Amino acid sequence: MVPFSSPVSPLLRGRGVWGPRGAPARVMLLPHPSYRKKVPWLRARLHNQLGFDAYTCNMYLQRDVPVFLREYPSEEEAQQLAENLTDGGMRV
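Conventions and cut-offs
Residues numbered from 1 in each chain as written. Predicted model: local features only at pLDDT ≥ 70, side-chain atom pairs only at ≥ 80, totals over all residues. Heavy atoms only, no water. Axes fitted to C-alpha atoms, helices over the stretch in contact; angles between N-to-C directions. Helix = DSSP H or I, 4+ residues; strand = E, 2+ residues; numbered from the N terminus. Parallel < 35°, antiparallel > 145°, perpendicular 65-115°, else oblique. Left-handed = near helix turned anticlockwise from the far one by under 90°. Contact = heavy atoms within 4.5 Å. Nonpolar A, V, L, I, M, F, W, Y, C, P; charged D, E, K, R; others polar. Buried < 20%, exposed > 50% of the residue type's maximum accessible area, 1.4 Å probe, protein only. Polar contact = N/O pair within 3.5 Å; in protein donor to acceptor, adjacent residues only side chain to side chain. Salt bridge = Lys/Arg side-chain N within 4 Å of Asp/Glu carboxyl O. pLDDT = per-residue confidence, 0-100.

**A word on the packing of helix α2 (residues 39-50) against helix α3 (residues 54-61)**
Here is step 1 of the chain: Close contact between α2 and α3 brings their axes to 9 Å; oriented N to C, the two are set at 120°. Viewed along their axes, α2 and α3 adopt a mutual orientation that is oblique. α2 and α3 meet at a crossing whose hand is right-handed. Listed contacts from α3 to Val39, Leu42, Arg43, Leu46 and His47 of α2 are Ala54, Cys57, Asn58 and Leu61.
Here is step 2 of the chain: Per-class residue counts for the contact of α2 with α3 are six nonpolar, two polar and one charged.

Put into C-alpha coordinates, the structure is as follows:
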(Lines give C-alpha, C1' and ligand atoms only; values in the text may rest on other atoms or scores of the structure.)
Protein backbone atom coordinates (compact mmCIF):
# COMPACT_ATOMS: atom_id res chain seq x y z
CA MET A 1 0.00 0.00 0.00
CA VAL A 2 1.30 3.45 -0.92
CA PRO A 3 1.01 6.04 1.87
CA PHE A 4 -1.14 9.07 1.07
CA SER A 5 1.83 11.42 1.44
CA SER A 6 3.99 9.43 -1.00
CA PRO A 7 4.89 11.30 -4.21
CA VAL A 8 3.81 8.25 -6.23
CA SER A 9 0.27 8.31 -4.87
CA PRO A 10 -2.27 8.54 -7.74
CA LEU A 11 -4.30 10.97 -5.64
CA LEU A 12 -1.42 13.42 -5.60
CA ARG A 13 -0.68 13.07 -9.30
CA GLY A 14 -4.23 14.02 -10.30
CA ARG A 15 -5.01 10.70 -12.00
CA GLY A 16 -7.99 8.46 -11.58
CA VAL A 17 -9.20 5.27 -13.22
CA TRP A 18 -10.50 7.34 -16.16
CA GLY A 19 -7.15 9.05 -16.78
CA PRO A 20 -5.90 12.50 -15.77
CA ARG A 21 -8.61 14.51 -14.08
CA GLY A 22 -7.67 17.71 -15.91
CA ALA A 23 -7.59 16.20 -19.42
CA PRO A 24 -9.80 18.15 -21.86
CA ALA A 25 -10.66 14.95 -23.79
CA ARG A 26 -10.33 11.23 -23.16
CA VAL A 27 -11.01 8.11 -25.22
CA MET A 28 -12.51 5.14 -23.39
CA LEU A 29 -13.06 1.62 -24.70
CA LEU A 30 -16.54 0.42 -23.76
CA PRO A 31 -17.05 -3.31 -23.15
CA HIS A 32 -19.10 -5.39 -25.55
CA PRO A 33 -19.66 -9.17 -25.83
CA SER A 34 -18.99 -9.15 -29.59
CA TYR A 35 -15.30 -8.36 -29.01
CA ARG A 36 -14.58 -11.95 -27.96
CA LYS A 37 -15.34 -13.25 -31.45
CA LYS A 38 -13.10 -10.65 -33.14
CA VAL A 39 -10.14 -10.41 -30.73
CA PRO A 40 -7.40 -10.94 -33.37
CA TRP A 41 -8.73 -8.15 -35.61
CA LEU A 42 -9.52 -5.75 -32.79
CA ARG A 43 -6.18 -6.43 -31.11
CA ALA A 44 -4.39 -5.48 -34.33
CA ARG A 45 -6.45 -2.28 -34.59
CA LEU A 46 -5.62 -1.25 -31.01
CA HIS A 47 -1.95 -2.01 -31.58
CA ASN A 48 -1.81 -0.01 -34.81
CA GLN A 49 -3.69 2.98 -33.39
CA LEU A 50 -2.21 3.13 -29.89
CA GLY A 51 0.90 0.93 -29.87
CA PHE A 52 -0.32 -1.37 -27.09
CA ASP A 53 1.25 -4.82 -26.84
CA ALA A 54 -0.83 -7.92 -27.64
CA TYR A 55 -1.34 -8.88 -23.98
CA THR A 56 -2.67 -5.43 -23.05
CA CYS A 57 -4.98 -5.39 -26.08
CA ASN A 58 -6.38 -8.82 -25.15
CA MET A 59 -7.01 -7.75 -21.57
CA TYR A 60 -8.71 -4.50 -22.58
CA LEU A 61 -10.98 -6.26 -25.07
CA GLN A 62 -12.12 -8.82 -22.49
CA ARG A 63 -12.89 -6.50 -19.58
CA ASP A 64 -16.42 -5.94 -18.33
CA VAL A 65 -15.85 -2.28 -17.44
CA PRO A 66 -14.79 0.71 -19.57
CA VAL A 67 -11.04 1.16 -20.08
CA PHE A 68 -9.18 4.47 -20.36
CA LEU A 69 -7.14 4.44 -23.58
CA ARG A 70 -5.67 7.90 -24.11
CA GLU A 71 -6.01 11.57 -23.21
CA TYR A 72 -5.91 14.44 -25.70
CA PRO A 73 -5.57 18.22 -25.45
CA SER A 74 -8.61 18.73 -27.70
CA GLU A 75 -11.86 17.00 -28.53
CA GLU A 76 -11.00 17.00 -32.24
CA GLU A 77 -7.92 14.81 -31.69
CA ALA A 78 -9.86 12.46 -29.44
CA GLN A 79 -12.66 12.27 -32.01
CA GLN A 80 -10.22 11.20 -34.72
CA LEU A 81 -9.03 8.22 -32.65
CA ALA A 82 -12.61 7.42 -31.65
CA GLU A 83 -13.68 7.31 -35.29
CA ASN A 84 -10.75 5.06 -36.25
CA LEU A 85 -11.61 2.61 -33.46
CA THR A 86 -15.35 2.74 -34.21
CA ASP A 87 -14.63 1.99 -37.88
CA GLY A 88 -12.72 -1.06 -36.65
CA GLY A 89 -15.74 -2.38 -34.74
CA MET A 90 -15.13 -1.05 -31.23
CA ARG A 91 -17.40 1.00 -29.01
CA VAL A 92 -15.69 4.12 -27.62
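**Some thoughts on α3**
Here is step 1 of the chain: All buried positions along α3 are accounted for by Thr56, Cys57, Asn58 and Leu61.
Here is step 2 of the chain: Looking at where α3 begins, the residue whose side-chain oxygen comes 3.1 Å from the main-chain nitrogen of Tyr55 is Asp53.

**Looking at the pattern of salt bridges**
Here is step 1 of the chain: Counted by the stated rule, this structure contains one salt bridge.
Here is step 2 of the chain: A salt bridge links Arg36 to Asp64; the nearest nitrogen and oxygen atoms lie 3.8 Å apart. Residue Arg36 is located in the loop between β3 (25-29) and α2, and its partner Asp64 is located in the loop between α3 and β4 (67-72); the two are separated by 28 residues in the primary sequence.
Here is step 3 of the chain: Note on Asp64: relative accessible area 66%, which makes it exposed.

**Details of the confidence of the model for the chain**
Here is step 1 of the chain: Averaged over all residues, the pLDDT of the chain is 84; the fraction at 70 or higher stands at 78%.
Here is step 2 of the chain: At the level of individual helices and strands, the chain shows its lowest average pLDDT in helix α1 (residues 10-13), which scores 54, and its highest in α3, which scores 94.

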